[in-house]
Amino acid sequence: MLKFILPLILLMKFNKEWKVSQVGLFFLSFLISVNCYHNFFLFNSGFSLGMDYISYIMILLSVWIVSLILISSQKIKNLNNFSSSFISTNIFLLLFLMLTFSSMDYLMFYISFEASLIPTLILILGWGYQPERIQAGIYMLFYTLAFSLPLLVSLLIYYFLTGSLVISLGVPLEGENYLYKFWYMSTVLAFLVKLPMFMFHLWLPKAHVEAPIAGSMILAGVLLKLGGYGLIRVLIMFQEMNKSFCWFWVSLGIVGGVYISLMCMRQVDMKSLIAYSSVVHMSLVLCGIMIFSLWGLAGSVILMVGHGLCSSGLFCLANMVYERTGSRSLMVNKGLLAFMPSMGLWWFLLSVSNMASPPSLNLMGEIMLILTVLSWSKISILGISLLSFFSAAYTLYMYSLSQHGIFYNSLYSCCSGKVSEYLSLFLHWLPLNAMIMNSTLLMI
Amino acid sequence: MLRTSISSCGVLGRLKTNVSKLYMLCSSQVANSRRGLSLSCQTYESKKDDEDLGTEKEKVEQKFRKYEYSNPYERAFGILKDDVVSFYKKRKKFFEDITTRARSNAEAKAKPAPKNTYGFEPSGADVGENVWPSFCDVLVVGGGAMGSSVAYHLKEKARGGLSVVVVEEDPGYKKASTVLSVGGIRQQFSIPENIQLSMYGMEFLRNIPELLEVEGLDTPDIQFNPNGYLTLASEEGYEQLRQNYELQIDMGAKVSFLTNTELSKMYPWLNVSGVAAGVLGRENEGWFDPWSLLIGLQRKAISLGAHYINGKVTSFSGETMDDMILEGTQQSNIKRITTAEVTLPSGETRTINFAILVAASGAWTGELGRMAGIGEGPGILSVPIPIEPRKRYVYCVHAPDGPGLHSPLLVDPNGTYFRREGLGGLYLCGQSPPEDKEPNVDNLDVDHSFFEDNIWPTIAQRVPAFEKLKLHSSWAGYYDYNTFDQNGIIGLHPLFSNFLIASGFSGHAPTLPGGVTQPLAGIQQAPGIGRAVMECIMYGGYETINLERFGFERVLAKVPLFESNIV
């Protein structure tokens, strides 16, 4: 594992040269993806860091997304808006994310989980645009911090009780009194807020919308997955307790997902719409994890990876429009097929992936999760059907409202997009639609 | 009186701050609504102003939160620190606000809440009242009738979807054309679009009590006098008058054609020598108080979430969109203006980034265009926006034996006009000087010899009772005069992807050299133009009234669109 982390730390030295960092990050992702034929449940281990099936794909996703961030944030380089600090902040964030995903120790996981918040906050407040980003950053910081402090306490209690915090040696706890229930809640809530679950999702639209493109991409791409990943790790301890509570989380997930997808249809801000759709996807992921069956866990991991690539790509597209028009509002960004015809391809491909159409990873994840939730309770078909239906509805709404129609400045011109933008979108789309062929990479 | 109504409104904190902001704007402007009339003149409008004269000193206070870090790390932690420090400073006020709000909420629960005219809270870049809106979707430069109408229509349609900022350098509106105008509305034009704009304007004015109602404040009352316009024509102008009349009837205007015998029967005080015929507007014509319209639009726009900033736009910066392909000209680079630098009255400069710019600065639109580079550059950019200020005088005369209540706004064949003002025997009159005798626009001083040489003889000849009048007061105002063809310019500039012009509506002058202009016609088109700009921005084209002929392209192609005059 150190063979990835040490070069990453060394890459921070090159923060003054944008191109070197970019190439370096792509090379790092190549190095990591070479391990794709792993057969072990634990590999690349050393210094209490190690990879297994799920952390491997999460690490690959995070390095991939961060390298795509550097391609999409060309404006920071062109305007020379402290590009060296930008690169070092991103690499710091990547470092903490890699540590989080590869840690084999709960405490190490917790520390890097919290530490990844700080570079994100700096990205939002330092390079963001609007005055509202102050509130957005505060919401994100305090929501996550407030709910994860009990997690620290519960991990320490676990250590005192069982003597070890190593993840693979997780001892499933047995006990049914209220103290165990309280322990379970305080552990699980931290990740539910990060995921985010329906009742605790308020920070997400604010943070995603007010962040610069780098912040939005990393938030939607990887940081939400921290919640799902953490849940999978932590529920090893709480398997018995989870069985008595999972009805609550699954119900909240489904009902919340339907409600939020209805909210999506009301949005006028492009980024806000994509942010709310992230909540919908993650609520389905939550259902899958909480049911804790094989297909549930596999489906949630696949949907997490698919959603990371898809939402991150959609945020890239929204940013491209914002850079050219100056506004994120869907009321003036209409008729983009006339304004940027070639981007229509990427809008279409990423939108249909968002609504889980074949052959995207989202489709596979959703099918597995639908089957999981259905096998757990037949009545959930009502909620699931509404969820899938409205998921397609709001994606069509976003696509049609932004692409079709008349652009207000449809005088005599059109714009086609730069090659770097094409590259970043292509690299979002390719793993999303190609990995379904070899999805054993993502499954247990 | 306004103060008590605001404190008892106590509905939602957000609304309260908006309303208190409105109050501050209103108080400084209600006191100034004398429109240049001297203090000794007591028109019935100004009777209400006297009560609030004491608050004239209360200028619009603007203090914006100040942060100037550029390094992102400093920016991140500096903003947080500033936030904590400013909250600490305002903590007493914060806790007081909560207790008063709780108390007033308890009072409000006791009696039923007033019916809300709009469905949800006003929104926008609502982070508090003193945060500079550094990013907005639409920037409207100029807060007169046109700018406020654009802001109102945009916010009414888009609600929370677009953030609108209006920059106005003169919040007392001392030099704006809107408030210094005579406020007439008529359908007697010769261009069909102008007729349609005025007809929509009248419909809008009729519905003002519902459309511009703001909770907690008085309903705007524009004091519409439906006495109509009477355009007179001599023998030479008879044909043109007849043609215009046919067009107006076709478009649905309610006008009547009167021969000179009918005229003298209808208006006994009128001397019809030299007059062959006249067209009188029976309905939807008359005059109103442009000040109330402006304030009504402004208040409603603010309550819907538009931000009004007191400042002057001093420069623009933008970028060339080098990946956009423009067909049809050799110049293939579309420019986009991204940032406006605004100088606040205190001298500090701040920037606003926006998506769309609406240039509604009236007489100074030409100057604004030059700031953006229109008029100084090669190719298409060498043609400036042909709008410049022209000074016009309005005289208020007292004639106790004058025409009285039964008199329209009369337009003489040589361009002089007069109308009744109030109920005390006062009349407003004016005339546009010929092209070669344009007065100096540096100041708003009035030239009384113009009245005595040009206006008095005409109106005394037309209405014999005016021989014994006394000049009561006078004021001067600027027309936003389109030197190209005296009709408004509305639409996008071809070379900029986001520069919308909406200006130049005063005047409607004839084509003949040495001719005179008809009275101020811009204010009546304010609602129509606001709606047209809103349709341009939100629908990409004109939906209700097609104003494509009024675009800037006609200036580039040198194809003028003239209103035909009546001699």
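Located above this text is the structure these notes cover.
Each value, and the rule that gives it
Residues numbered from 1 in each chain as written. Chains lettered and ligands numbered in written order. Predicted model: local features only at pLDDT ≥ 70, side-chain atom pairs only at ≥ 80, totals over all residues. Heavy atoms only, no water. Helix = DSSP H or I, 4+ residues; strand = E, 2+ residues; numbered from the N terminus. Rg over C-alpha atoms; globule rule 2.2 N^0.38 Å. Buried < 20%, exposed > 50% of the residue type's maximum accessible area, 1.4 Å probe, protein only. Contact = heavy atoms within 4.5 Å. Areas by Shrake-Rupley, 256 points an atom, 1.4 Å probe, with all protein chains shown as cover. Lys, Arg positive; Asp, Glu negative; His and termini not counted. Charge placed at Lys NZ, Arg CZ, Asp CG, Glu CD. Core = buried A, V, L, I, M, F, W, Y, C linked by side-chain atoms within 4.5 Å. Buried area = accessible area lost by both parts, 1.4 Å probe. Salt bridge = Lys/Arg side-chain N within 4 Å of Asp/Glu carboxyl O. Polar contact = N/O pair within 3.5 Å; in protein donor to acceptor, adjacent residues only side chain to side chain. Nonpolar A, V, L, I, M, F, W, Y, C, P; charged D, E, K, R; others polar. Pairing = 2+ DSSP bridges. Axes fitted to C-alpha atoms, helices over the stretch in contact; angles between N-to-C directions.

### So, the overall build of chain A
Of the regular secondary structure elements, chain A holds 19 helices and three strands. Against the globule reference of 22 Å for 444 residues, chain A gives a C-alpha radius of gyration of 21 Å, in line with a compact fold. Taken along the three principal axes of its C-alpha coordinates, chain A extends 70 × 55 × 40 Å. Classification of the 444 residues of chain A by burial places 65% in the buried group. Contacts in chain A between residues at least 24 apart in sequence constitute 82% of all its contacts with a sequence separation of at least 6. As presented, chain A carries roughly 15500 Å² of accessible surface, and 73% of it is formed by carbon and sulfur atoms. Both charge centroids of chain A, one from 20 positive and one from 13 negative side chains, sit 9 Å from each other.

### With respect to the nonpolar core
Generally speaking, a soluble globular protein has its nonpolar side chains buried in company with each other. By size, the foremost hydrophobic cluster in this structure holds 241 residues, and its most contacted members are Ile32(A), Met98(A), Leu231(A), Met290(A), Trp347(A) and Ile537(B). The leading source of residues in this core is helix α14 (residues 294–325) of chain A, at 16 residues. With sequence-adjacent residues up to four places away left out, Ile537(B) is seen in contact with Met331(A), Val332(A), Tyr408(A), Val138(B), Leu154(B), Ile356(B), Val358(B) and Leu500(B). In terms of nonpolar packing, the next biggest core, distinct from the first, is built from 31 residues, Cys136(B), Ile337(B), Ile489(B) and Phe552(B) among them.

### A look at the interface of chain B and chain A
With 45 residues of chain B at the interface, the matching set in chain A holds 42 residues. For the pairing of chain B and chain A, the buried interface totals around 3700 Å² over both sides, and the portion due to carbon and sulfur atoms is 62%. Put simply, chain B and chain A have zero salt bridges between them. Our count for the chain B to chain A interface comes out at 10 residue pairs in polar contact (both at pLDDT 80 or more). Every element with two or more residues in the side of chain B that touches chain A is listed here: α4 (72–89), β9 (312–321), β10 (324–326), β11 (334–343) and α14 (526–539) of chain B. Counting residues per element, the side of chain B that touches chain A draws most heavily on α4(B), at eight residues. Among the residues forming the side of chain B that touches chain A, the class breakdown is 28 nonpolar, nine polar and eight charged.

### What about the sheet that holds strand β13 (residues 356–359) of chain B?
All names here are of chain B. Pairing is mixed across the open sheet formed by six strands, whose spatial order is β8-β2-β1-β13-β20-β19. Of all strands in the sheet, those bounded by a partner on one side alone are β8 (307–310) and β19 (489–492). The sheet shows a mean angle of 20° between the axes of neighbouring strands, taken without regard to direction. As paired strands, β13 and strand β20 (residues 499–503) are joined by three bridges and run parallel to one another. Across the sheet, residue Leu357 finds its bridge partner in β20, namely Phe499. Relative to strand β2 (residues 164–168), helix α6 (residues 145–158) is tilted by about 170°, and along the sheet it contacts β1 (138–141), β2, β8, β13 and β20. Contacts between α14 and the sheet are confined to β1, β13, β19 and β20, with β20 contributing the most and set at about 165° to the helix.

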